[in-house]
Amino acid sequence: MTTAHLPVEEQIEQANASGRTPVVFIHGLWLLASSWDRWAEYFGQVGFAPVSPGWPDDPTTVEEALANPEVFADKTIGQVADHYANVIGQLGRKPAVIGHSFGGLIAQIIAGRGLAEVTVAIDPAPFRGIPQLPLSTLRAGSPVLSNPANRHRAVPLTYEQFRYSFANAVDEDQARRLYDTFAVPAPGAPLWQAAAANFNPRTEDKVDTKNPERGPMLIVSGERDHTVPHVLSYAAYQHQLKNHGVTEFVEIPGRGHALTIDDGWQGVADVAVAFVGRFG
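Novice: Please clarify how empty space enclosed by the protein should be interpreted in this entry.
Specialist: Any space left empty among the atoms is revealed by the rolling of a water-sized probe across them. Evaluation of the coordinates by the stated rule reveals two cavities of 30 Å³ or more. In this model, the largest cavity occupies a volume close to 260 Å³. Along the walls of the largest cavity sit 20 residues, with F102, P126, T137, L191 and T227 positioned nearest its centre. For the lining of the largest cavity, the secondary-structure elements that each account for two or more residues are α6 (135-145) and α9 (189-196).

Novice: For this particular structure, what's the right way to read the pairing of strand β1 (residues 22-26)?
Specialist: Every other side chain in a regular strand lies on the same face of the sheet, so the side chains alternate between the two faces. Counting buried positions along β1 gives five out of five residues, so the element sits mostly inside the fold. Side chains of β1 alternate between two faces, with P22, V24 and I26 and V23 and F25 buried alike. Relative to strand β2 (residues 49-51), β1 runs parallel, the two being bridged by three bridges. Looking at β2, one finds that P22 is bridged to A49.

Novice: Quick question: what am I supposed to make of the pairing of strand β3 (residues 96-100) here?
Specialist: By the criterion of burial, β3 is predominantly enclosed, with five of the five residues buried. Every second residue of β3 is oriented toward a common face, with A96, I98 and H100 on one face and V97 and G99 on the other, all of them buried. In this structure, β3 lies alongside strand β4 (residues 118-122), joined through five bridges in parallel fashion. Looking at the pairing, A96 lines up with V118 of β4. Taken together, β3, helix α5 (residues 102-112) and β4 constitute a β-α-β crossover, and its handedness is right-handed.

Novice: How should the packing of aromatic side chains be read in this particular structure?
Specialist: Remark: the centre distance and the inter-plane angle together describe each pair of aromatic rings, the angle taken between the planes. The tally for this structure, following the rule as stated, stands at 16 aromatic pairs. In textbook terms, an aromatic cluster arises when at least three aromatic residues are bridged by ring pairs, as seen for F25, W36, W39, Y42, F43, F48 and W265. Above the face of the Y164 ring, R139 is positioned so that its terminal group lies 3.8 Å from the ring centre. Directly above the aromatic system of Y159 lies the positively charged group of R176, at a separation of 3.7 Å from the ring centroid.

Novice: Whenever I open this one, the layout of surface pockets confuses me. Can you help?
Specialist: Of the voids in this model, the second largest pocket is the one considered here, and its volume is about 170 Å³. At the level of secondary structure, the elements contributing two or more residues to the lining of the second largest pocket comprise α2 (37-45), α3 (62-67) and α8 (172-182). For the lining of the second largest pocket, a count of residues per class yields two nonpolar, six polar and three charged.

Novice: When you look at the nonpolar core in this model, what are you seeing that I'm missing?
Specialist: One recurring pattern in soluble globular proteins: nonpolar side chains tend to sit buried together. Counting residues in each nonpolar core, the largest one holds 58 residues, and the members touching the most others are F102, I106 and F162. Among residues more than four places away in sequence, those in contact with I106 are I26, I77, V80, A81 and Y84. Core analysis: the next-biggest nonpolar cluster, separate from the first, contains 24 residues, F25, W39, V118 and V273 among them.

Novice: Would you explain the pattern of salt bridges in this entry?
Specialist: Opposite charge on two side chains permits pairing when their charged atoms draw close. For the coordinates displayed, the defined rule picks out six salt bridges. Between E248 and R278 there is a salt bridge, and its shortest N-O distance comes to 2.8 Å. Linking E248 in strand β8 (residues 247-252) with R278 in helix α11 (residues 265-279), this pair joins segments that are 30 residues apart in sequence. A relative accessible area of 24% means that E248 is categorised as partly exposed. Among the salt bridges present, the one from D262 reaches R255, with a minimum N-O distance of 2.5 Å.

Rules used throughout
- Residues numbered from 1 in each chain as written.
- Predicted model: local features only at pLDDT ≥ 70, side-chain atom pairs only at ≥ 80, totals over all residues.
- Heavy atoms only, no water.
- 1 Å grid on protein atoms, 1.4 Å probe; cavity = no way out; pocket = protein on both sides within 12 Å on 5 of 7 lines; lining within 4 Å.
- Points joined across faces, edges and corners; volume = space filled by probe spheres on them.
- Helix = DSSP H or I, 4+ residues; strand = E, 2+ residues; numbered from the N terminus.
- Buried < 20%, exposed > 50% of the residue type's maximum accessible area, 1.4 Å probe, protein only.
- Pairing = 2+ DSSP bridges.
- Right-handed = clockwise from strand over helix to strand, strands pointing away.
- Phe/Tyr/Trp six-rings, centres within 6.5 Å; stacked < 30°, edge-to-face > 60°.
- Lys NZ or Arg CZ within 6 Å of the ring centre and 35° of its normal.
- Nonpolar A, V, L, I, M, F, W, Y, C, P; charged D, E, K, R; others polar.
- Core = buried A, V, L, I, M, F, W, Y, C linked by side-chain atoms within 4.5 Å.
- Contact = heavy atoms within 4.5 Å.
- Salt bridge = Lys/Arg side-chain N within 4 Å of Asp/Glu carboxyl O.

Structure below.
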């Protein structure tokens with residue numbers, strides 16, 4: 001059984017018993033914690049203690065998720081951030097935190113609370129203060145944003161929608177395999193929160209970029225990402241530069257939003273391992 005398939009309590013217990021630096025992986029919308037399985041194994045091999053909790057109420061497998069999509073509904077950014085903060089609070093030492101997409105946003109929220117030793121945010125969803133809203137991002141979010149009722153629903157992606165928003169930078173065979181292997185329904189609420197963040201001063205979609213306890217941070221961008229294109233990832237980097245801690249930006253050439261799960265995942269993981277290894 002992989003780490004991601006163990007109950008989170010057992011993952012925490014193993015991490016604490018190991019004496020190693022924990023690495024907490026945070027997935028984004030339309031994926032499960034199991035999407036980090038290969039990353040968790042790799043980080044374990046190079047000396048870290050991986051912890052891969054799902055979002056609240058997440059099923060363990062894609063099959064369970066497709067059979068019970070309603071469990072994803074009404075999960076908000078604040079609820080998910082608090083969930084991961086609670087997990088981190090049970091660890092014996094500050095972890096490295098690695099997140100992708102909305103998981104990259106949550107990772108920055110966690111870092112802004114001073115809970116991360118070092119953070120890697122990969123193609124992170126935008127937060128309040130980032131005004132750009134590229135057309136490709138709107139199209140990628142349209143399965144949710146096209147209907148206000150989706151705010152309280154779990155919304156799946158069709159293969160064509162997944163192909164555009166995640167798998168545009170891989171060939172057809174790989175795109176189909178990624179969809180069949182990883183894609184699950186997702187809560188609509190976080191996308192609606194992100195879309196309204198700059199109009200809502202009380203939004204949960206906000207990041208404390210100035211906390212001196214934030215720790216080192218790396219923002220990673222996929223060059224061909226439709227969902228979180230360069231302009232959004234770089235805007236997050238520019239906001240994070242307000243912090244006195246180490247803040248770096250890397251763009252991965254030729255890669256789309258599926259860069260953490262596609263066949264080139266290990267090249268991205270190598271970038272993350274190198275950064276975390278400098279500080280973790």
